[in-house]
Amino acid sequence: MNQIVIFTLMLANAIWLGLAFRLFWLKAYGATRLLVRQGDRDSEAYRIMAQALPFLGGMNLALSVLAILVLVFFEHFQSLAHAVVLCTVFAVAHLSQFMGNLPVALAER
């Protein structure tokens, strides 16, 4: 893969996952409003979900740090095998979050 493409993907991952960390950890109640229907927000489950979302934020932070470390030590990640492994890890992370969160968020719109 082209080095510019890999660098750009890692930069985009660092930013995206950093924003997800902010949403799910630092703004957990705001994220919960996106995921829970308005009529269900008075339930105990709403509060529990808001308290559990920082775990997801922590996972996003870890992946964001991984992307940042790849950027900092970019010269060590030049082979195609490195790129395939890293891109696969980030693709699975993004896909799992979209598959879980996007349908719920869209159902409320």
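The following refers to the structure shown.

Remarks on the environment of His94
Item 1. Of note, His94 is situated in helix H4 (residues 80-107).
Item 2. Sequence-wise, His94 and Leu80 are 14 residues apart; in three dimensions their C-alpha atoms are separated by 21 Å.
Item 3. Ignoring any residue separated from it by four or fewer positions in sequence, one finds His94 in contact with Asn13, Trp16 and Leu17.

Re the pattern of salt bridges
Item 1. Under the counting rule described, the total for this entry stands at two salt bridges.
Item 2. The residue Arg37 makes a salt bridge to Asp40 at a minimum N-O spacing of 3.1 Å.
Item 3. Of the residues examined, Arg37 reaches a relative accessible area of 53% and is grouped as exposed.
Item 4. Here Arg47 ties to Glu44 by a salt bridge, and the two come within 1.9 Å at their closest N and O atoms. Within this pair, Arg47 and its partner Glu44 are both found in helix H3 (residues 44-72), separated by three residues, close to a single helical turn.

Re the packing of helix H2 (residues 28-35) against H3
Item 1. At their nearest, the axes of H2 and H3 sit 8 Å apart, and the two run at 120° to each other. With respect to their mutual orientation, H2 and H3 come out oblique. The element H2 and its partner H3 pack so that their crossing is right-handed. Contacts between H2 and H3 involve Ala28, Tyr29, Ala31, Thr32, Arg33 and Leu35 on the former and, on the latter, Tyr46, Arg47, Met49, Ala50, Gln51, Leu53 and Pro54.
Item 2. Of the residues contributing to the contact of H2 with H3, the split by class is nine nonpolar, two polar and two charged.

A closer look at a nonpolar patch on the surface
Item 1. On the surface, a nonpolar cluster with roughly 710 Å² of combined accessible area is contributed by Trp25, Leu26, Leu61, Val65, Ile68, Leu69, Val72 and Phe73.
Item 2. Where the nonpolar patch is concerned, the elements lending two or more residues are helix H1 (3-26) and H3.
Item 3. In terms of residue count, H3 provides more of the nonpolar patch than any other element does, five residues in total.
Item 4. Mapped onto the fold, Phe73 is located in the loop between H3 and H4.

Cut-off values and rules
- Residues numbered from 1 in each chain as written.
- Predicted model: local features only at pLDDT ≥ 70, side-chain atom pairs only at ≥ 80, totals over all residues.
- Heavy atoms only, no water.
- Helix = DSSP H or I, 4+ residues; strand = E, 2+ residues; numbered from the N terminus.
- Contact = heavy atoms within 4.5 Å.
- Salt bridge = Lys/Arg side-chain N within 4 Å of Asp/Glu carboxyl O.
- Buried < 20%, exposed > 50% of the residue type's maximum accessible area, 1.4 Å probe, protein only.
- Axes fitted to C-alpha atoms, helices over the stretch in contact; angles between N-to-C directions.
- Parallel < 35°, antiparallel > 145°, perpendicular 65-115°, else oblique.
- Left-handed = near helix turned anticlockwise from the far one by under 90°.
- Nonpolar A, V, L, I, M, F, W, Y, C, P; charged D, E, K, R; others polar.
- Patch = residues over 30% accessible without salt bridge, like charges linked within 9 Å, V, L, I, M, F, W, Y side chains within 5 Å.
- Areas by Shrake-Rupley, 256 points an atom, 1.4 Å probe, with all protein chains shown as cover.

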